[in-house]
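Structure assessment
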Amino acid sequence: MSYMSNVLFIKANGLPAERSVSVTLYETFLKNYKSSHPEDTITELNLFEENLPYYDVTMMNGLFKEAAGEPRTEEEQKLADIANGYLDQFLAADKIVIAFPLWNLTIPAQFSTYLFYLNQAGKTFKYTEQGPVGLVTGKKVALLNARGGIYSDGPGVALEMSVNYVRNIFNHFGITSSDIQAVVVEGHNANPAKAQDIISVGKEEAAALAEKF
Ligand SMILES: Cc1cc2nc3c(=O)[nH]c(=O)nc-3n(C[C@H](O)[C@H](O)[C@H](O)COP(=O)(O)O)c2cc1C
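Along each chain, residues carry numbers from 1 onward, in the same order as the chain's sequence is written. In keeping with the model being predicted, local features are shown solely for residues with a pLDDT of at least 70 and side-chain atom pairs are shown and tallied solely at 80 or more, while totals for entire chains, interfaces and linings include all residues.

If you check an unreviewed UniProt entry, the protein appears there as FMN dependent NADH:quinone oxidoreductase from Listeria grayi DSM 20601. Per UniProt, the protein carries the Sequence similarities (unreviewed entry) text "Belongs to the azoreductase type 1 family." UniProt positions are given in the numbering used here, feature names are shortened, and annotations may be inferred rather than shown by experiment.

See the structure below:
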């Protein structure tokens, strides 16, 4: 019997698929993943439909005091519990699929807040004398990204802080580059005449990755 995976699908774009390339990749991946891995458990998390309070001082205090074993106010505990709920869900997944756009050279604020919840010393990484060390092992990640301009070549390379940012955060957690695969659709806004072809290739890549993921 094959091992049944627990797969977390994260959507970091609130637009419908008809208006979003990354959501189109998400739906293509999900459909193909389900048909090729019918035994797996799939959880979908739409970050634009969640209540994701900013990582503010109260939440920070709640998490800090929890780690230090200090008493917390009701509000500090409530906010820490929100962050920890998302962290526990992330840690429980064997595989993680995330669809997100490049906006203003980076990721949407909802996704940024979510990553703040996950980034906790003692849980996803620890400090050592040699620097931070990741604590998350044995996970596979698929990144599905869309960006209207070109960032794989030329001056855009140094500006791209969407896929690079997410990769760096996951590397920091200990998820190595060999466990992260990405489908990136780019340049469809820069080249409207080629947009349909560019998006079609991305959908094929997402479908192919889903089957072997
Ligand atoms: C708020 C916003 C900011 C954007 N910023 C950039 C940008 O900095 N560079 C770029 O090439 N495209 C930018 N775009 C275009 C998106 O990258 C493009 O629409 C891409 O397809 C987004 O993914 P989506 O189709 O899944 O929404 C931006 C779009 C929006 C809505």
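What about the overall build of the protein?
Secondary structure elements are defined from DSSP: runs of H or I of at least 4 residues count as helices, runs of E of at least 2 residues count as strands, and each element is numbered from the N terminus. Tallying secondary structure elements over the protein gives six helices and seven strands in all. Overall, the protein shows an N-to-C arrangement of helices and strands of β-α-β-α-α-β-α-β-β-β-α-β-α. Computation of the radius of gyration draws on C-alpha atoms alone. For the globule rule, the value is 2.2 Å times the number of residues to the power 0.38. For 213 residues, the compact-globule formula gives about 17 Å, and the C-alpha radius of gyration of the protein, at 18 Å, lands near that figure. Oriented by its inertia axes, the alpha-carbon framework of the protein measures out at about 60 × 50 × 35 Å. By residue count, 31% of the 213 residues in the protein fall in the buried class. Throughout, a pair of residues is in contact if the C-beta atoms placed from their backbones lie within 7 Å. Sequence-distant contacts, at least 24 apart, represent 73% of the contacts inside the protein between residues at least 6 apart. Exposed residues have 12 or fewer other C-beta atoms within 10 Å of their own C-beta, buried residues have 20 or more, and partly exposed residues fall in between, where C-beta atoms are placed from the backbone.

Description of the site of the ligand
Think of it this way: take the backbone, place a C-beta atom on it, and check whether that atom is within 6 Å of the molecule or strand, in which case the residue is near it. In the vicinity of the ligand lie 16 residues, with Ser22, Pro101, Ala146, Gly148 and Gly149 positioned nearest. Of all the secondary-structure elements, those providing two or more residues to the shell around the ligand are α1 (21-36) and β6 (140-147). Ranked by residues supplied to the shell around the ligand, first place goes to α1 with three residues. Each residue is assigned to one of three groups, with Ala, Val, Leu, Ile, Met, Phe, Trp, Tyr, Cys and Pro labelled nonpolar, Asp, Glu, Lys and Arg labelled charged, and all others, Gly among them, labelled polar. Class assignment for the residues of the shell around the ligand results in eight nonpolar, seven polar and one charged.

Remarks on the UniProt feature "domain: Flavodoxin-like fold" (unreviewed entry) in the protein
Under the feature "domain: Flavodoxin-like fold" (unreviewed entry), the UniProt entry names residues 6-207. The span residues 6-207 is 40% helical and 21% strand by assignment, and the distance between its end C-alpha atoms comes to 19 Å.

Looking at the nonpolar core
Think of a nonpolar core as buried Ala, Val, Leu, Ile, Met, Phe, Trp, Tyr and Cys residues, each tied to the set through C-beta atoms within 7 Å. By size, the foremost hydrophobic cluster in this structure holds 48 residues, and its most contacted members are Leu25, Phe29, Val97, Ile98 and Leu144. With seven residues, the single largest contributor to this core is α1. Not counting residues up to four positions away in its chain, the partners in contact with leucine 25 are Ala99, Leu144, Ala146, Val183, Val185, Gly202, Lys203 and Ala206.

Structural notes on helix α5 (residues 163-173)
Buried within α5 we find Val163, Val166, Phe170 and Phe173. The arc that holds the buried residues of α5, viewed along the axis, is 85°, so those residues lie on one side. At its buried positions, α5 is contacted by β4 (125-128), β5 (131-134), β6 and β7 (180-186). Just downstream of α5 lies glycine 174, where phi reads positive at about 100°. The directions considered for the arc are those from the helix axis to the C-beta atoms.

Quick word on helix α2 (residues 57-68)
Expected span of a helix: the number of residues minus one, times 1.5 Å. For α2, which comprises 12 residues, the first-to-last C-alpha distance of 16 Å matches the rise-based estimate of 16 Å (1.5 Å per residue) to within 8%. Every buried residue of α2 is accounted for by Met59, Gly62 and Leu63. Taken around the axis of α2, the buried residues stretch over an arc of 90°, which confines them to a single face. Turned more than 90 degrees away from the buried face of α2 sit Val57 and Ala68, all of them exposed.

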